[in-house]
Structures are given as C-alpha cells and as structure tokens.
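Here's the letter readout for the chains.
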Amino acid sequence: MDTRKIIHVDMDAFYASVEILDNPQFKGQPLIVGGSPENRGVVAAASYEVRKYGVHSAMASSRAKQLCPHAVFIKPRFSRYKDISSQIHQIFLQYTDLVETLALDEAWLDVTQNLPEEPSATILAQKIKTQILEEVGLTCSAGVSFNKFLAKIASDEKKPDGLFVIQPKNAVSFLLSMEVKKIPGVGKVTAKHLAEHGILVGHQLHEKTESFLVQHFGKFGRVMYERIRGIDHRPVSPVRERKSMSVETTFSKDWVYGATLLNELDKLIENLWKNCQKRSLNGRTVTLKIKFNDFQQITRSTSVNQAIASSEEMFQLCQRKLERVCQKEYLQKPIRLLGVGVSNFEKEGGQEAKQLDFFELIDHSDSTGNG
Amino acid sequence: MEILIKKEILISALQSIHSVTDKSSVKPILSNFLLKTLDDENGIDGKSCVEFSATDYELSIIGKFPAQVIEHGSVCISARKVYDICREFQGDDIFIKSTEQLWIHVTSGASQLKLPSIDVGLYPQAVLEDLPEKVTTTAAELKHFIESTLFAAQTNESRRNLMGVCLSVLDEHTTRWLATDGHRLAQMIGTVSSAISEKVSEVIIPRKALQEVSKAVDLFKDSVEISFDDRTLQFVGSTFTIKTRLIEGKFPNCDPIIPKDNDLNIVVDRDRLVSSLKIVSLISSEKLKPVKVTITQEKLILESEKAEYGEVSDEIEIEYSGEEFQIGFNAKYLLDVLNIINGSEIRLEFKNAMSPCLIKDPVDNSFLSVIMPLRIEW
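Report on the accompanying structure.

About the thresholds
Residues numbered from 1 in each chain as written. Chains lettered and ligands numbered in written order. Predicted model: local features only at pLDDT ≥ 70, side-chain atom pairs only at ≥ 80, totals over all residues. Heavy atoms only, no water. Helix = DSSP H or I, 4+ residues; strand = E, 2+ residues; numbered from the N terminus. Buried < 20%, exposed > 50% of the residue type's maximum accessible area, 1.4 Å probe, protein only. Contact = heavy atoms within 4.5 Å. Areas by Shrake-Rupley, 256 points an atom, 1.4 Å probe, with all protein chains shown as cover. Pairing = 2+ DSSP bridges. Axes fitted to C-alpha atoms, helices over the stretch in contact; angles between N-to-C directions. Polar contact = N/O pair within 3.5 Å; in protein donor to acceptor, adjacent residues only side chain to side chain. 1 Å grid on protein atoms, 1.4 Å probe; cavity = no way out; pocket = protein on both sides within 12 Å on 5 of 7 lines; lining within 4 Å. Points joined across faces, edges and corners; volume = space filled by probe spheres on them. Nonpolar A, V, L, I, M, F, W, Y, C, P; charged D, E, K, R; others polar.

Right, let's get into the overall build of chain B. If you tally the helices and strands in chain B, you get seven helices and 27 strands. A buried classification covers 55% of the 378 residues belonging to chain B. The contacts of chain B with a sequence gap of at least 6 include a subset with a gap of at least 24, amounting to 65%. As displayed, chain B has an accessible area near 17700 Å², and 47% of this comes from carbon and sulfur atoms.

As structure tokens, this is what we get:
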C-alpha cells in the first residue's frame, strides 16, 4: 500500500466550547457541561480552566464540584452540539469524501486524494483548523500521519488548538517513548495489566513478542504488537451513510407562486437529481423548504412507496406541495428562499421490487417552524 | 433406576425432545434431559413407564414412553451423547441402570457403556400447571390449524409480537388462529370440541413451540387440551405435553387489513397456478421472487420479472370480464398459501396493484390469506 495521508481532527473541549461560543460570558470561567451535582449527574465535558483541578469527563458532577467548588454547571444541549458537529462535517467534506466520524467531536479524514489537490496533509490540516475557527468559531487539534492510529495519537499531542505531525520516519521513535496508556483501546484495566508485566512505555511493549502479547491480551495483544510498530491498515471508511441530499437557492427578489417560482423549482430539482444520480442515491422522500420574506421557514415532505424514479416525478411531488402552501396555507406570501431535499435512500444496489407491508404507513409528515 | 427400553422408542423419545436439548447453550445443563420412571398409576394405560422431559425455560417437552421398569428412579444425562451412542447399538433392547456414584450403565447386547450423569436436583424440572383457559381439539385438527397459519408468522426479530401465531377464543366451539409478518397474513377459523376462556381470550404462541407441536403431532395421539393463562400455554395429550412461555405484547388488530370490498375477483385452477408459480420462482434467484400477474379478459398471465436465469411467461384461462390490471407478487408468498388450500380451485380478490389481495378456497370459508403486493417497476 502506498503511504496514506490521514488527519484526525479532535475538537477542543467540544461541548464546553460550544457553550462558551453561545454564551461568551462563560469565557475564561471553569465550565462544566453535565448533570447537576445535586442530582447524581456526571460531567459530559469540562473546559480547560476546570481541567486544571483534575476534573474530567464521566466523573460524577458531585465529585467535580468538590474538586472545583466555583465551577459553573450547565446542562448539555445535544441537539445544538449535533448541529455544530454537522456544520464541521460539512467543512471536512470540502476536503475529502473519506471522512469517518468517531463521535460528534472527532473524525478521521483520508486526504491521500483530496478535493483541493493539496499534496501536503499538514497544510490541509492547518487550513481545516483555520476554516473551522473562522466559520464555526471553535478550535480543534489535528493530528497528521500515515494511518488512523498515529493520526489520533498525534491530535492528542499538542492539545488544545494544536497541530502535530508524525512522519513515517519518526513514527517508531515517537512510539518507543510514548506511554502505552495512550494507545486507543488501552483503558484502565489493560494499562494495569500491562504495568504488571513492566510495560509502561512504548519500548517496553516493543520488546515483547507477538506470542507473548497474544497469550496475555488475546486479540488486542496482536493489535498492540502492530500499533507499537506503527502499523494500522484500517481504512478511513465513511461508515455513516449519507442520509439526505439537498439544494436551495435564495432569490434576488421575492416571488409568489407562478411561472418564475416553478421555473426555479425545476432548476433546483434538475440540479438535485444530477447530484443524486452521480452518487446513485435513490430517495423515497422529498422535502420542500420554503423561507418567506419575513424569514418564517416551513418544510413540507412527501414520501412514496418506492424510490422516486425521475426528476419529473420529483417535480410533480414538489409542485403539489408548493401549490398547496402558496394557494391555501400561506396565501400568496412572498418567498425568498426555496430548497429541495431527498432522503430515505434505498439501500445500495436498490431492489428492483419492493414488498409492501401492511403496517408500514406512507409517511406524509409535515412540519412548520420559524427560521 | 433400572429400565429396559426398545431402541426405537428410546430414539424417538430423544428426537421428540431434541429441539430443546440441542443447543450449545450458555447453560450447559440444558443439554441434558431427565429420565424418570412412573408407577402404574401414572403410567400408560395403567402400566408403569418412563418419562422423558427437557426444558430450556422457554419451552418444555414431557413425554411418557413404554418401557419395562425394573427399579424406580430418575437420572439426568446428556441427550446428545445418549442419542448418538444408542443409535449405533445393533440390538433392539437397551438396558439402562444408574448407580449411586452418578454413573449410568447402558447395555445393549454385548455392548456396555458407562456414562457420567448429573445430579437430578440440579436440572430445572418442567412442571405441568393447572391453567384456567382451555381449548380441546383433536391432534390432527391442531396440526391443521398450526400449519395453516404458522408459515405467515414473522421469522426475524424486528417485531417480536409477530413471531408467533395469535390464538383467540371466539366462542365455545370456535377458535381463531392468526399470523402475519406484515407482508402476508393467514387466518384459520378452527372449530373445536370445546373452548373455554374466562379471563384471557387471546394469546401469542411462539413459532418454536408450534413447530414442535406440529412435528410431534403423532405423539399426542387423539385429543389435545390446550390450556393457558396470560403467560404460559400447554398442549396436553394423554402421554405427551409441550409447555411454552407465551410471547408478551399485543397482537395487532388485523381486521382492518383483511379486505372487505375487493371487487376484482377471479377463480383459478389451483394445480395449474402452483406449477406456473413454481417455474417462475425457479427461474428467479432473487429473494423476492417477483412475479408479474396480469388479469385480463378470460386470461391470467404470469411473467417472471427481471429473473436471473431467463424469462418465463404462462397463461391460465379464467372467467373474468372486468377491467384489465397488473399486480406484482412474491411468488413464494403465493405458493405458501396455495399449499395450504386443499381444494381444486383458488379464489383471488383484488382491488388494485397497491392493495392487499385476499386469497381463499371458494367453497371453504374457514381459511383465508391476505398478501401485500410487490411493487415492481413495469
């Protein structure tokens, strides 16, 4: 295998940083995101100011309060973190399609081939960091190396707001001096077990034979044997399938229902259809997004039993919804933005036929919101 | 304990409990079975006999089999070992004797075998219960009810409450057996000798128990009493009993699914349709076995759809004068139903290509099946 270029991006104290982003008054304060200390809550995230006191995630909130009595506790808002996370994910996708999400705040990117056609992964990592800071307002730490394991270890090296590169020629010497508990997968129990065999630092692990490690640690012994030699062949696989695909456009002038609006809808759908075809995505649900001139935003979805077969079918489904919205629900209200999305994709290599089900209701869910 | 048993009886007894003992279960003790002697009073036709029983907590099987009891007692042994070994014995009679140190001596002709056994007290014994609700029917009828519906029960775990057949007591002599996997449904209205339900009128019997009942139907001999409460159900025959835990949850109300106003109706020769569907399903390697059905003036046309190995089409004469329409099906679903209906003709009632199709015997109303179409791109 040719040398790969992998970046591991790890957001710095993600939940806490998002809270500070949204509530700047928390800046510089010891902030704990998690359950309340009174109600047996646990710490979901801790800002760097509070980490100094020994507070870490998964610790009981009451214990955290003991360690840092003046810490500010706030409840986590996961939907907000999810939103930010997907915003960051969208940034990643501008660099490569090979993005593997580990958690809301962590991802691997395989940039061996990348969209900006930048040969240096280090420059790419810097660009990604900068773009996340500029567009989202959060810092992250990036690790660059030639496999997932080393990239992940590297991202941890210069936290927060760090960038660390482990080049192939430096990998082994780096690993030999590293504490073995930094190897992902080595938790408390394995670390203790390793220590019992006198293995605390990389070179001590490196000395052991593969059979010794397998004998004492099973399958994971073999993994450690490879990792300490800088070997990790796992591919970066975008495990999360794409759930939806959408396009939208903001008009230079507001429109009410009529030929122009329908023409815009047609253009959007042609575009969306092409994007879906390119990726062989066959959706069963189409969602129309409408933002009116007063910024009120609504969506209307409709689903069919089997993947929408043509852009014409998609247009008809959307037109029906749009007509209803414009001529019944929001009579002639001027529209400033129109978007169309497809979701509910059929499995790859989609079935030629679909077995209908008694209990499967055709979903015609509508939702209204302000945005 | 000391008994003399015919080899063929021992083998058939072990086969009857095989599905319970045959598992590399997390609980190794469950691969054993309990063998105990019964005195004349509890025996078969007033004669002492042996009882084989096995349980995996979900399902318990208890059967009495004739044997010559020399000394009363009970043992607990590995079902697999005894079965494998005894099958190899050449003699017709097998002599089984336990010793105090938990050894079992098995002898047949000149072959002698010593096997370790397990303390009987460690084995979870299946106990028959007196359950309030009771349905009595013949073994043959019971098998018919089960086979008419079980094929439509769900096999995967996505909807657990569909993984069995729903038995309802409708009145003193009528039961309803109903199963569906969401794609098809089968309903049997079964007339029984008696049906008493006081509190619980509907239960979901797990697939596995029904498969065992169906397999072991000969062991039930004539009459079977089905007794149950809201947790447990027993099929009790004179010498053979299967007890099962019921599936918890509620069976969906299927009445709205059964079409009442399908007005495009045809009657087809059963055998003709079966052979035609078999050809279609043979040619299609796909899981869905898509078959395209066109109903037109006096003709039913079956065509394979995007089959792997070739193309096939077939025409069957029918009496039909309504409008022409097309509908897709999974050929296997149709075949499953046609296998249940014994009559020479089949009645199919349609509404349109997206609505459920009702299938029944034109002269017997006890059974019906509903199949959802397959949406095929024509």
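Still more ground to cover, so stick around.
With that settled, the discussion passes to the pairing of strand β18 (residues 240-245) of chain B. Along any regular strand, the residues point their side chains to alternate faces of the sheet. Residue and element names in this part refer to chain B. In terms of burial, β18 is a largely internal element, five of the six residues being buried. Sheet analysis places strand β17 (residues 232-236) next to β18, joined by five bridges and oriented antiparallel. Bridge pairing in β18 places Leu 233 opposite Thr 244. Two successive antiparallel strands, β17 and β18, enclose a turn made up of three residues.

Let's shift gears to the sheet that holds strand β4 (residues 72-74) of chain A. Residue and element names in this part refer to chain A. In space, the three strands of this open sheet follow the order β3-β2-β4, with mixed pairing throughout. Two strands in the sheet have a free side with no partner beyond their single neighbour: β3 (43-46) and β4. Here the strands of the sheet are splayed against their neighbours by 30° on average, with no regard to which way each runs. Alignment of strand β2 (residues 31-34) against β3, held across three bridges, turns out to be antiparallel. The residue of β3 that forms the bridge with Ile 32 is Ala 46. Together, β2, β3 and β4 form the strand contacts of helix α1 (residues 14-22), whose direction differs from that of β2 by roughly 110°.

The buried count for helix α7 (residues 331-340) of chain B comes to eight of 10 residues, which makes it a mostly enclosed element. At the N-terminal boundary of α7(B), the capping side chain belongs to B:Asn330, with an oxygen 2.9 Å from the backbone nitrogen of B:Lys332.

A few words now on empty space enclosed by the protein. This structure, assessed with the given rule, holds three cavities of 30 Å³ or more. When its volume is computed, the largest cavity comes out at roughly 70 Å³. Lining the largest cavity, in full, are A:Val9, A:Met11, A:Ser85, A:Ile88, A:His89, A:Phe92, A:Thr101, A:Ala103, A:Leu104, A:Asp105, A:Glu106 and A:Ala107. Counting only elements with at least two residues in the lining of the largest cavity, the list comes to β1 (6-11), α4 (78-93), β5 (99-103) and β6 (106-110) of chain A. Per-element accounting of the lining of the largest cavity gives the leading share, four residues, to α4(A). Tallied by class, residues from the lining of the largest cavity come to seven nonpolar, three polar and two charged. In this structure, the second largest cavity occupies an estimated 50 Å³ of space. B:Leu273, B:Val293, B:Leu300, B:Leu302, B:Phe329, B:Leu334, B:Leu348 and B:Phe350 together form the lining of the second largest cavity. Counting only elements with at least two residues in the lining of the second largest cavity, the list comes to β21 (299-304) and β24 (345-350) of chain B.

Here we come to the sheet that holds strand β26 (residues 367-371) of chain B. Residues and elements named next belong to chain B. The sheet built from eight strands is open, its strands ordered β15-β11-β12-β13-β26-β25-β24-β19 with antiparallel pairing. Strands with a single pairing partner mark the edges of an open sheet, and in this sheet they are β15 (202-206) and β19 (264-269). Each adjacent strand pair in this sheet contributes to an overall mean axis angle of 20°, direction not counted. Relative to β24, β19 runs antiparallel, the two sharing six bridges.

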